[in-house]
Every structure is written in structure tokens, then in C-alpha cells.
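# A look at the structure
Residues per chain are reported as follows:
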Amino acid sequence: MESSVADAGRTARTGHGQEGRPGGFRLGSEQHKALFCRMLLDTFDPYKPAVIDWPTLDPDARARLVSLPIWDIAVQTEGKARLRVVTYGETVSDPLLKEAIALNGFEEGRHKDVLANMVRAYGIELAEEPPYVKPRDAEWAFMVTGYSECIDSFFAFGLFELAKRSGYFPSDLVDTFEPVMQEEGRHILFFVNWVAWHKRNMPWWRRPWFALKVLGVWAFLIWERIGIARGIGGAPDADNSFTVTGSKSVGVEISTGELMDLCLAENDRRLAGYDPRLRRPNVVPRLVRFARRFMARPKTVELGSTAHRDLFCQHFKATYQHYEPEKLPWPELDEAALARLRGVPFWQEVLHTELRAGAIVKQFTETVDDPVLKEAIALQGFEEARHAELIRVMIKRYGIDVQEHALDPLPADITTAFKDFGFGECVDSFLGFGVFKIAHEAGFLPDSMFAIFETLMYEETRHIVFFVNWMAYNEARRGRASAWRRGLTSLRYYYRALKRLVGTARRGAQQNDGKEFSATQASVFLEGFTFRRFLENCYGENARRMKEFDEGLLRPSFLPKLADVALSSLRLWSFRRNPA
Ligand SMILES: [Fe+2]
Ligand SMILES: [Fe+2]
Ligand SMILES: [Fe+2]
Ligand SMILES: [Fe+2]
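Since the structure is predicted, the reported quantities are computational estimates derived from the model, not experimental observations.

## Thoughts on the coordination of the iron ion (ligand 1)
Donor atoms from the polypeptide that coordinate the iron ion (ligand 1) comprise Glu78 (OE), Glu78 (OE), Glu108 (OE), His111 (ND1) and Glu184 (OE), at 1.9 to 2.8 Å from the metal. Expressed as a motif, the donor residue spacing for the iron ion (ligand 1) is E-x29-E-x2-H-x72-E. Residue class for Glu184 comes out buried when judged on its relative accessible area of 9%.

## A closer look at the coordination of the iron ion (ligand 4)
Six octahedral donors at a metal ideally form angles of 90 or 180 degrees, and four tetrahedral donors ideally form angles of 109.5 degrees. Within the protein, the iron ion (ligand 4) binds to Glu384 (OE), Glu425 (OE), Glu460 (OE) and His463 (ND1); these donor distances fall in the range 1.8 to 2.0 Å. With four donor atoms in place around the iron ion (ligand 4) and angles of 80 to 156 degrees between them, the coordination shape is irregular. For the pair the iron ion (ligand 4) and the iron ion (ligand 3), the metal-to-metal distance amounts to 3.2 Å, and Glu384 bridges them. Of this pair, Glu384 sits in helix α15 (residues 371-397) while Glu460 sits in helix α17 (residues 447-477); the two residues are 76 residues apart in sequence, bridging distant segments of the chain. Per residue, the accessibility class of Glu384 equals that of Glu460, and both read buried.

## Observations concerning helix α2 (residues 30-42)
Between its terminal C-alpha atoms α2 stretches 17 Å, which fits the 18 Å expected from 13 residues at 1.5 Å a residue. Along α2, the positions that sit buried rather than exposed are His32, Lys33, Leu35, Phe36, Cys37, Met39, Leu40 and Leu41. Summarising the contacts, the buried residues of α2 are in contact with α5 (95-121) and α7 (171-200).

## A word on the packing of helix α14 (residues 347-367) against α15
For the pair α14 and α15, interaxial distance at closest approach is 8 Å and the crossing angle is 155 degrees. For the element pair α14 / α15, the angle class is roughly antiparallel. In this structure, the crossing between α14 and α15 has a hand that is left-handed. Partitioned by chemical class, the residues of the contact of α14 with α15 number 14 nonpolar, five polar and five charged.

## Section: the confidence of the model for the protein
Chain-level pLDDT for the protein is 83 on average; 85% of the residues reach the 70-or-more range. Segment residues 1-23 is flagged for pLDDT under 50; beyond a separation of four residues in sequence, or across chains, it makes 15 contacts in the model. Under a pLDDT of 50 for its full length, residues 513-521 has, in the predicted model, 14 contacts with residues more than four places off or in other chains.

## Thoughts on the side chain of Asn193
Relative to the assigned elements, Asn193 resides in helix α7. With relative accessibility at 0%, the residue Asn193 sits in the buried group. One polar contact links the side chain of Asn193 to the main-chain carbonyl oxygen of Leu189, over a distance of 2.8 Å. Excluding residues that lie within four positions of it along the chain, Asn193 makes contacts with His32, Phe36, Leu278 and Arg279.

## Considerations on the packing of aromatic side chains
Evaluation of the coordinates by the stated rule reveals 35 aromatic pairs. The side chain of Arg340 reaches across the aromatic face of Phe444, ending 5.9 Å from its centre. A cation sits over an aromatic face here: Arg462 above Phe316, 4.4 Å from the ring centre.

Rules behind the numbers
Residues numbered from 1 in each chain as written. Chains lettered and ligands numbered in written order. Predicted model: local features only at pLDDT ≥ 70, side-chain atom pairs only at ≥ 80, totals over all residues. Heavy atoms only, no water. Donors = N, O, S within 2.8 Å, 3.2 Å for Na, K, Ca; no water. Buried < 20%, exposed > 50% of the residue type's maximum accessible area, 1.4 Å probe, protein only. Tetrahedral: all angles 85-135°; square planar, octahedral: opposite > 155°, others 65-115°. Helix = DSSP H or I, 4+ residues; strand = E, 2+ residues; numbered from the N terminus. Expected span 1.5 Å × (residues − 1). Contact = heavy atoms within 4.5 Å. Axes fitted to C-alpha atoms, helices over the stretch in contact; angles between N-to-C directions. Parallel < 35°, antiparallel > 145°, perpendicular 65-115°, else oblique. Left-handed = near helix turned anticlockwise from the far one by under 90°. Nonpolar A, V, L, I, M, F, W, Y, C, P; charged D, E, K, R; others polar. pLDDT = per-residue confidence, 0-100. Polar contact = N/O pair within 3.5 Å; in protein donor to acceptor, adjacent residues only side chain to side chain. Phe/Tyr/Trp six-rings, centres within 6.5 Å; stacked < 30°, edge-to-face > 60°. Lys NZ or Arg CZ within 6 Å of the ring centre and 35° of its normal.

What follows is the structure, encoded as C-alpha cells:
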């Protein structure tokens, strides 16, 4: 029993069962070395660059190829790589490793030949190659080449796939480079395993030095790439950053996030076929996955397009739920619950808000020309009026003390009123999500009552998702699709909404004078209430509720982002105070 658990553990670590290897598999072992060397040697593809049949290109395709700024740097990089790999190979005494590294060097030279032949076939003029200088520190040079292949191959995998999909180059030409791509995949796999093996097979006193060297190589490569990106790398090297900036060059408009996803997927695909026990290059994929979290998710629709309009309008219609407030399963409440419900100080405000919402949306609907938008907005107006009706039913049924006042006349500028109302809903809903969760958890009212409120919350969530998409659609139609411009507009409206909210809270405090929502009624709700907990609930509930909506739709992001920042600071602050 015990041994089978140990086996399972080993299998999980190595991705390999027993298969007559009772000793198991260890990084740095002879077996490891044999594995990564054989991987390279046994998958060798004996093609000859000289016999590649370069497809005839039409003038456009040829012009595109010639205009790519990468040919000089590509040829020179392969030339340098060959010399560096071969030079390091000469210092290695282990015969199997020596053979594998020699093959790696041979393949780099062959890459250079493939490129040079192609360039010649299409009449591209190359700059004169600089003399290739044998490196003094062979190990350092081998590592610089190895790690820069880890970076470049990762991005090249994605760009290559992109070029293939876009049809920017004829597929015959793309196919010619397939072996080069796959070879780079083998090279980086070989290289990272060599690093893992090598550092475990050196005397202990060299290891810290080697670790520093690895850091040094990365620092050098990052410095080199930043320098190139800023254009201070000098003209001849100016296209070293092609792999990072190259998506435009292959003729496709793609967001950085989408390109990163493609690179990650291609990286996994290309390295998937090799022995699972081998270490995978993971630094670049991990960094990219980390950076990916801060990039926008791929947009399936272009903001402001008809497809966008149809998506958010259809989604809104499709998620409509039919009910009649009178016929909802209103529960019987006991005296204590009834007192708590009646004690809530904001029913007056809620009823008024819903009545006004219904009126604003209804009047705004009249001004909308687009039939698809008109139908959806009319539906929202109907739902707002139904919210008011739901609150009315509740007030009557449970004897809540609320007077219904006539509405103030609506503003003349109904479009601005609609926008103000929409941003106001975004604020109210976000805060409402938190209040609702805390009240529910505290058992402020029976679950059956919360089930009814839930209907309302879900509709408000639909409203704000609809609203932010409508807003972005409108802005985009006016040529203001960029995120920063939309952000500025939203900021202005959010500021107004928050100001109104503060005003309402002040007025409410004066009117109620704190007496109705008395300590006894509030205690159950407010027990253990902290600002941080409230914010966490708003944030968490918002995320949970928004998850249900179609990926392609925008969601309100201002308050969630703000809450995220506030929560991070609060956590940091409490960590500093109690650093346990
Ligand atoms: Fe290469
Ligand atoms: Fe390579
Ligand atoms: Fe509403
Ligand atoms: Fe609403």
C-alpha cells in the first residue's frame, strides 16, 4: 500500500510509470542526460536546404516578403547561434552530449542556409554579414543563445501560426519554414534540460556562480530587448524585437492579448509531443501568463458594430424573465422579521428611484430610432416599472410606512438623464450586491424573501450590463471607441452618480434621523460589519454575478477596479500592522 502511494507520487512528478526503471528518474542523472540528448538526436530531420523548391510568389506576396525588416537579423542570428553552439560543444567531453550539441550547431547553420537561399531566391538584398567572432566564454555564449531562443521561439511560434492563418504568405512558403520552427522547439527543450542537468553536475562551489550567470544572461537579454524596443540598439540590430512587435508585419490586426494566447497555445502544442519527463521552457510562458492577467480579454465583437448591438440587445431579451409582482410567493413573516423589514430606512428611496427609472427609460425610448435598440430599451423601461410595482406590492402587503409622492418633472435633456440614471444603477447595484449578501448571510429576513429580491437583483445586473454596452456602442459610433476616451466619459458620470448618492444619504439621514433603523433592528445586520468586509462582498458578488454573462459583452469595470485597489491597500495596511 505504502509503496503504491510512493509510486503514484513519483509518477506524478515525472509523468512516468515504472516501466522497468525501479530507480526512478531524477533531473541531472545519466538517464536524464540520455533522455534529452536522444530527444534531439532521434528527431533529427535530414532535409537539405539546397533542394528546397521555393514557390513562385505573385508580386504582392513577394513585395510583402521583401519588406519584412527581419532578414538581415535572422541570417546573422542563425550564424551567431551556430558558432556559439559549436564552440561550446568543443569544450564538452561527454560523448553523447557532445554529439547532441554538435547536431544543434549543425541545425543552426542549416537555418542560416535556408534563410540565405530563400532570400536569394526572391532577390532580397542582404547587408554584408559582420565577421562572426568566436566567443571567449563559451558557456556564457551558449547560454545567451539558448535563453534568447527561449524568448524568440515562444513569440515566433505564435507569429508563425498567425501568418499561416492570415494567408499573408502562400502556404507553400509557410510550409518550408515548418521544420525550422519545430527545430527551434527541440532546441529550447534541449537547452532547458541541459541547464537543469548541467547545474546538478558541477562542483558545489560553482553552483552559486552559475546561478548568477543565469541571472546575468536574463538581465542581458532583457536589457538588449528593451534597448532595441526603444530604438537605441542602433540600426543594424533594430529588428531584433521583431518577434515582440511582429504581428503588424504579418498583416493581421490582433490585440496583444490575443497574440499572447496564440503564442501560449502554440508553445504548448509544439512541445507537447516530446517525452513528458523532460523539463519544459517555462520562464517566458509564465511571465506571459502573468502579464496576460492585466490585458483585456479578446473581444469577439468590435464595439459599435452591428454585431455588438445585436449581441447585447439579444442577450438582454433572451434573459428576460416573466413574473407578476402580485403573484410572487410572498412569505408570511413573523413579528421580528416584519419589524426588521419595516425598519429598513430606504424603502421610500427605492420606490421613488424605481418609479423615476421607469419614467426616464420610457421617455428615452421615444427618442431612439434604431428599432433593435428601441425594443431592448422599451423592455428595460417595462422592467423598471415592474420593479416599482414589486416594491409597492411589498409595502402594501407588509404594512411598510411609505408615502408615494408624485414624481418631479423629468429633465428636458432626456438622453443625459438616461445616462445619469444608467451610471447611477451601476453604483447602486455594486453597493447593493454587498448589502444584499451581508443581509442574507446575517439572516435579516427569511430566504424566501431573499429569493424575491434576487429576481430584482438579477434584473439590475442585466440592466447595468446592457447599459455599459449601450454606452460603449454609442461612443464607438461617434468615433470614441478607445478605452481611454470611454474611461474619461464614464469617470465624469460616475463622479456625478457618487455625488448624488452622497446627497441622498445625507437627506436620508436627516429625514430618518436614525430613529427608524434603530440599533435593535440594525444589529443583526450590522453585526461584524466592517468597511473591508462590505467591500469584499461587493467585489466578490459583482464578480460572481457578472460571470454568468456572455464573454463578448462589456461589464461595468470602474467600481470593481476601484474596490480592487482599495482592498489591496487595506490588506497591505493590515499586514503591516500585524505582520504575522
Ligand atoms: Fe535557429
Ligand atoms: Fe535554435
Ligand atoms: Fe430597477
Ligand atoms: Fe434597472
